[in-house]
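Geometric and topological summary
The lines below spell out each chain.
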Amino acid sequence: MDLREKATNRWKENYTWQPLLIAISIVIIIAIIHKAHWEITTETDPLSVWNERKMIENDNMTTITYNDQKLLNKTITFKGVLEIFPYTNTSIGSPEQSNGTFDEMDGLVYNENSYKKCMISLNGMRILVNGSLDGKFYKNEVVTVDATLIERNFTYERNGATIELESQIWEAEINDITLADERDYYFFGIEFIIFAIGLYFSLNRIKNLKEQMSFAKHIALFEFKRGLKTPRMIVLGLIFFVFIVGMGMLLGQLQNDSDSILGTMTAKGSIVQLSYFTFMIGSMVAIGVSVDTFHKERQENTMNLLLARPINRETIVLGKALGLTLVVGIPALIAQIIGLYFMITEGEIPPIGSMFAFLFFGQVMIFTMVTFQLCLAISARSGSSVVIYGLSAWLLFALVWALVVIAMATVIGVDINGENFENDPDYQQFASRIGLLNPGVIYQMVVGLFTSRTLAVDLEGVPGWLALLSVVLWPLMCLRTATWLFKREMKG
Amino acid sequence: MTANLLELNEVRKDYRIRKYGRIVRTYNALNKLSFKVKKGQIFGFLGPNGAGKTTTIKCITGILKCDEGTISIDGKNIENNDFENKNKIGFLPEQVGLYRSLTAIETLKFYGGFYSLSDSVIEERGKKLLDILGLGNSSKKTVNEFSLGMRKRLALATALLHKPEILILDEPTSGLDPRGVKALRTLLLDLNKEGLTILLSSHILSEVQELCTDVGIIHNGKMIRQESISKIIETVEKTAIKLSLRVNEFNEKSEKLLQKKKGIEIIEQNNLGKHQKIILKLKEDLIPWVTDKLVANGLKIFSIEPHNTTLEDVFLTETEEDNGS
């Protein structure tokens, strides 16, 4: 059988999912157009322009110019991650700054003209903004800036001598800055609609969908009722409850304690931290309750009786995953709400969006861990293997992830011997990107994302939309893998 | 002419042995297996261990997917009509696994939920079935408290709850006490009278002979014989019958005489004290020759009777022949 014939057969086998696969292909094409749109209409690498900058110092003359002379008076739309220099959102013009000193990096001399202006850093490129960004834009937001390169003249004192400064500075008005998501939402909207249409038509192709969904509900409720009664769930649920409520209270109190071991906590930081603790214990409970689902059923021969019913294997996996998620998710939700309540009463109120993300994506995270464990339970050949796999996964994701990241960072050449290497941008970027392989890190990222007002946020090297996409893709991939593994058994 | 309810056409099934997700070995379980079960039949499915009986049943019930060939129920391929076909099947596996924490009635409600039956219908039908199967007083007991036989009967109730068109039973009497076996036999015959088609896989041949109208003998994944029981026995009897003789003394001379004669085989010799019992396998027209020669040799024949051919004889003959070929 040649490759073409194989591909044709595989395509025919996937008749049900053909519309969805077509939709995903279109979404990928639109994503490429999306990326190309940004590349064509904006300068997405401001640092490459910034690196063209050169400074020449003579006895009484300093000039700051760009190698490309055509840039002067030219307006370019830059796209990048916003850093407010010097990392606080205050305006230049305070008495300390307006002292006539020359700042080499900013390329200007602070004087009365800088009053109420703001120097921003866009991916490391300095742009002087005519106005204050207070309350308008925040650190790590991805923005576009229509900046113009303008030549300005200053004088400043150096060793008693007056020096002329001729400096080319990128300048912009407040109105020239916009959040990048304004354009992204058009693309994301279209992509979402196409995906939804594909999914709709695929679901329509599933035979007896209505019946299968009712069977999934039937199994889910059965697993839920059964799971809640198990001693294992009662013990794990109790531990979960006490831990989350306790940590919520502690994190609230730490917001008022500047000497805390966890550092000075803000309301935003606290909820991200609480999401980590929720993942740590929630994933343990999720793995604990689903550890032997399929394996035990095979051992006790309950599966054959179920498989002979008019129910698809996909429905069985979905039903079990939903049921086990409910078993863990409902007690978790109660614990999370109470933990959050204590955190708020002891400290400050985090943004509403982050509270929603903390609760909602907490359930998604539990579903992810349940389906992940189902994959292990389906593929494992013995009871002890299932337990060992589950425990290893939990240890990796919840406890030793940071160590694994450090080890991997060393391998790729990040220097971890320096002090505060965690603040090294290269390390942070690596840790964030590799974090997409860990549902717990993604959960924290998404909660962090929702503390912002926009998805156009850079999460230390990971764009907000990618974190959001990952939190959706993880459970879907786990569910798909579990059903694939379970269906593979049919082939014998 | 009665229509076929179940039809297997050249079904092939291989098992794959995987290591780290890769297939390292395959072995063939079903090799172009074909057979038909007509509506209203009680079909006995026979075969030695490892012949492919359970694999066949798993393919029919949709637990396994066959690699080649087609399986149809009421003329519809199960691959394209999984939902519809599974609604027509009632299945009792050999090893019954039920959720131990559920009561009998809860078990019925759980499995009945997959046939879009309302709770009241399940309860009504369930109670009736539990009564018939002798579990009427145990409907509120948990499965944990049930004996193996009770579990088997409860599993049978779950298989009958949705009023299937064909009931597939894999070794249904294993684990049942004689009373349970008898009750099951009566129930199956009653259900068959009401129109239920039954496919019965069993290694207890007497049971199959007593219950079934037709049998299929599977060996090495192939159907080597499919006919009505009476026809199968008749065919074998035509080839050779068994003769049981009771004589005073079966000496060496007589033994050599019979051994020399083509078409006669001495199967068994038993000393019964004053008499000896000899079982011969021979063609029917050789019976006068045997009696004449033995009498001429001075033997006294006390009794002579044909030894009835059982399904076991057929089964052994057929599978031996197949092994030989």
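Residues numbered from 1 in each chain as written. Chains lettered and ligands numbered in written order. Predicted model: local features only at pLDDT ≥ 70, side-chain atom pairs only at ≥ 80, totals over all residues.

Regarding the domain arrangement of chain A
All names here are of chain A. Along its sequence, chain A is carved into domain 1 (46-179) and domain 2 (208-399 + 438-491). The centre of domain 1, based on its C-alpha atoms, is set 47 Å off from the matching centre of domain 2. Each partner contributes to the interface: domain 1 provides six residues, whereas domain 2 provides six residues. (Domains from an automatic or database assignment. Contact = placed C-beta atoms within 7 Å.)

A few points about the interface of chain A and chain B
Taken together, the contact between chain A and chain B spans 20 residues of the former and 27 residues of the latter. Every element with two or more residues in the side of chain A that touches chain B is listed here: helix H5 (209-229), helix H9 (302-307) and helix H16 (464-491) of chain A. At five residues, the largest contribution of residues to the side of chain A that touches chain B is made by H5(A). Here the side of chain A that touches chain B is composed, by residue class, of eight nonpolar, six polar and six charged. (Helix = DSSP H or I, 4+ residues; strand = E, 2+ residues; numbered from the N terminus. Nonpolar A, V, L, I, M, F, W, Y, C, P; charged D, E, K, R; others polar.)

Concerning the nonpolar core
A:Ile127, A:Val446 and B:Leu200 are the most contacted members of the largest nonpolar core, which totals 181 residues. Here this core takes 16 residues from helix H11 (residues 352-379) of chain A, the largest share from any one element. With near-sequence residues (within four places) excluded, A:Val446 lies in contact with A:Ala357, A:Phe361, A:Ala467, A:Leu468 and A:Val471. (Core = buried A, V, L, I, M, F, W, Y, C linked by C-beta atoms within 7 Å. Buried ≥ 20, exposed ≤ 12 C-beta atoms within 10 Å, placed from the backbone.)

A closer look at the sheet that holds strand S10 (residues 222-228) of chain B
Residue and element names in this part refer to chain B. Overall, mixed pairing links the six strands, which are arranged S6-S7-S8-S3-S9-S10 in an open sheet. Each edge of the open sheet carries a strand with a single partner, namely strand S6 (89-92) and S10. The sheet shows a mean angle of 15° between the axes of neighbouring strands, taken without regard to direction. Of the pairings in the sheet, the one linking strand S3 (residues 42-46) to strand S8 (residues 197-201) comprises four bridges and is parallel in character. Bridge pairing links Gly44 to Leu200 in S8. Taken strand by strand, helix H5 (residues 148-160) contacts S6 and strand S7 (166-170), and its axis lies near 170° from that of S6. (Pairing = 2+ DSSP bridges. Axes fitted to C-alpha atoms, helices over the stretch in contact; angles between N-to-C directions.)

What to know about the pairing of strand S8 (residues 142-158) of chain A
Residues and elements named next belong to chain A. Note: strand S3 (residues 75-84) against S8, seven bridges, orientation antiparallel. In the sheet register, Thr75 faces S8, and the bridge partner there is Thr148. Both S8 and strand S10 (residues 177-179) contribute to a ladder of three bridges, which runs antiparallel. Following the sheet pairing, Val143 is matched in S10 by Leu179. Counted between consecutive antiparallel strands, the loop separating S8 from strand S9 (residues 161-173) contains two residues, among which Asn159 sits at a positive phi close to 50°.

So, the packing of helix H6 (residues 231-254) of chain A against helix H7 (residues 267-290) of chain A
All names here are of chain A. Running from N to C, H6 and H7 point in directions that differ by 175°, and their axes come no closer than 10 Å. On the basis of the axis angle, H6 is roughly antiparallel to H7. Contact residues: Arg232, Met233, Leu236, Gly237, Ile239, Phe240, Phe243, Ile244, Met247, Gly248, Leu251 and Gly252 in H6; Ser270, Gln273, Leu274, Phe277, Thr278, Ile281, Gly282, Val285, Gly288 and Val289 in H7. In terms of residue class, the contact of H6 with H7 is built from 13 nonpolar, eight polar and one charged. (Parallel < 35°, antiparallel > 145°, perpendicular 65-115°, else oblique.)

Looking at helix H10 (residues 313-346) of chain A
One turn of the α-helix equals 3.6 residues, which is why residues spaced by three or four share an orientation. In a regular helix each residue adds 1.5 Å, so 34 residues correspond to 50 Å; H10(A) covers 48 Å between its end C-alpha atoms and thus fits that length. The axis of H10(A) is deflected most strongly, by about 30°, at A:Gly329, and proline A:Pro331 appears within four residues downstream. (Expected span 1.5 Å × (residues − 1). Bend = angle between axes of the 7 residues up to and from the residue.)

Thoughts on the confidence of the model for chain B
When pLDDT is averaged along chain B, the result is 85; 94% of the residues meet or exceed 70. Overall fold confidence (pTM) sits at 0.83, and the ipTM for the predicted complex is 0.79. (pLDDT = per-residue confidence, 0-100.)

Some words on the packing of H11(A) against helix H15 (residues 439-449) of chain A
Residue and element names in this part refer to chain A. Look at H11 against H15: their axes get within 9 Å of each other, and the N-to-C directions meet at 165°. The orientation of H11 with respect to H15, classified from their angle, is roughly antiparallel. Considering the relative orientation of H11 and H15, their crossing is right-handed. In this structure, H11 uses Ser354, Ala357, Phe358, Phe361, Met365, Thr368 and Met369 to contact H15, whose residues at the interface are Pro439, Tyr443, Val446 and Val447. Class assignment for the residues of the contact of H11 with H15 results in nine nonpolar, two polar and no charged. (Left-handed = near helix turned anticlockwise from the far one by under 90°.)

Remarks on the sheet that holds strand S4 (residues 68-73) of chain B
Residues and elements named next belong to chain B. Pairing in this open sheet of four strands is antiparallel, and the strands run S2-S1-S4-S5 from one edge to the other. In this open sheet, the two edge strands, each paired with only one partner strand, are strand S2 (22-38) and strand S5 (76-77). As defined by bridge partners, S4 adjoins S5 across two bridges and the pair is classed as antiparallel. Bridge assignment links Ser72 to a residue of S5, and that residue is Asn77.

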